[in-house]
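# Descriptive analysis of the structure
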Amino acid sequence: MVQSFADQQALLRTIARREPILFAHEEKFASKIGETRMRVRQGGYAYMPLLAHPLPVGKEKQENDLAMKRLRLMPIPKRIEAAVLQNKPWCVEELYLQGCPPDEPNRMGYRPLHLAASYNYEECVKVLLHMKMDVELNSTTSNGYTPLYIASSTRAVRATGGPPGRHRRSRRHRGHTPLPPPPRPAPPPCSPLSPLSTAPPPRWRRTR
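Overview of the structure. Small disclaimer: the values here were computed from a predicted structure and weren't measured.

The next subject is the overall build of the protein. Each helix and strand counted, the protein has eight helices and zero strands in total. Counting over 208 residues, the protein shows a buried share of 35%. Counting contacts in the protein only where the partners sit at least 6 residues apart, residues at least 24 apart contribute 68% of the total. Summing over all exposed atoms, the protein offers an accessible surface of approximately 14,600 Å²; the carbon and sulfur share of this is 57%.

Inspection of the secondary structure puts proline 112 in helix α6 (residues 112-118). Along the primary structure proline 112 and arginine 79 are separated by 33 residues, whereas in three dimensions their C-alpha atoms are 9.9 Å apart. For proline 112, the contacting residues outside a window of four places in its chain are Ile80, Glu81, Val84, Pro102, Asp103, Glu104 and Leu128.

The final tally for this structure, using the stated rule, is four salt bridges. A salt bridge links aspartate 65 to lysine 61, with the shortest nitrogen-to-oxygen separation between them at 3.5 Å. You can see aspartate 65 and its partner lysine 61 sitting in helix α3 (residues 59-71), four residues apart, about one turn around the helix. The class for aspartate 65 is partly exposed, based on a relative accessible area of 29%.

Let's shift gears to unusual backbone geometry. As a rule of thumb, non-glycine residues mostly have phi less than zero, and peptide bonds are mostly trans rather than cis. With an omega dihedral of 0 degrees, the bond running from histidine 53 to proline 54 counts as a cis peptide bond. Summarising the element assignment, proline 54 is placed in the loop between α2 (24-37) and α3. Of note in the backbone geometry, asparagine 87 takes a positive phi value of approximately 60 degrees without being a glycine. Assignment of secondary structure puts asparagine 87 in the loop between α4 (79-85) and α5 (89-97). Since its relative accessible area comes to 34%, asparagine 87 is described here as partly exposed.

So, how was this worked out
Residues numbered from 1 in each chain as written. Predicted model: local features only at pLDDT ≥ 70, side-chain atom pairs only at ≥ 80, totals over all residues. Heavy atoms only, no water. Helix = DSSP H or I, 4+ residues; strand = E, 2+ residues; numbered from the N terminus. Buried < 20%, exposed > 50% of the residue type's maximum accessible area, 1.4 Å probe, protein only. Contact = heavy atoms within 4.5 Å. Areas by Shrake-Rupley, 256 points an atom, 1.4 Å probe, with all protein chains shown as cover. Salt bridge = Lys/Arg side-chain N within 4 Å of Asp/Glu carboxyl O.

Rendered as structure tokens:
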């Protein structure tokens, strides 16, 4: 693949800074998407960051810069999901500004908003909800769970004494919060299981 002189210089600068170059070609197109998100789009909407970008010099900036270097080793569609699992809201917003998709589901149908609600990461939830043009609020997982249903279930677990971000694990969910099944509809009035049924209870006859 023939590269221009400017691309070669950019590649050499990336290598000199010890930055990952595994997805350098994909990041070039993702940066164009990030630029359009900062401009006024349809409906007069332009994304305004909730957090400061860049961060002031300090320990928080050092930790987030180190996390960003690790996240750039992953495929672009999986970076925001990994940042949510690490509870890094600044990295979530920074990756969104760089063009990463914020609503990419995994193999179980869990999107970053589902994971943030499942682990009670409130700051990540706020950042993802702020991306209202690119995040589907009523999306469902493979089990039919919405982010609101997961958030209400984890709040109930937290109210009973469970610490935030730590729940029981199961093989089925593989680290996700085990949730009760969705409520079943009420039985029809003609069913013998319904409390409104007027049918007499069955009589049992003792046999010898």
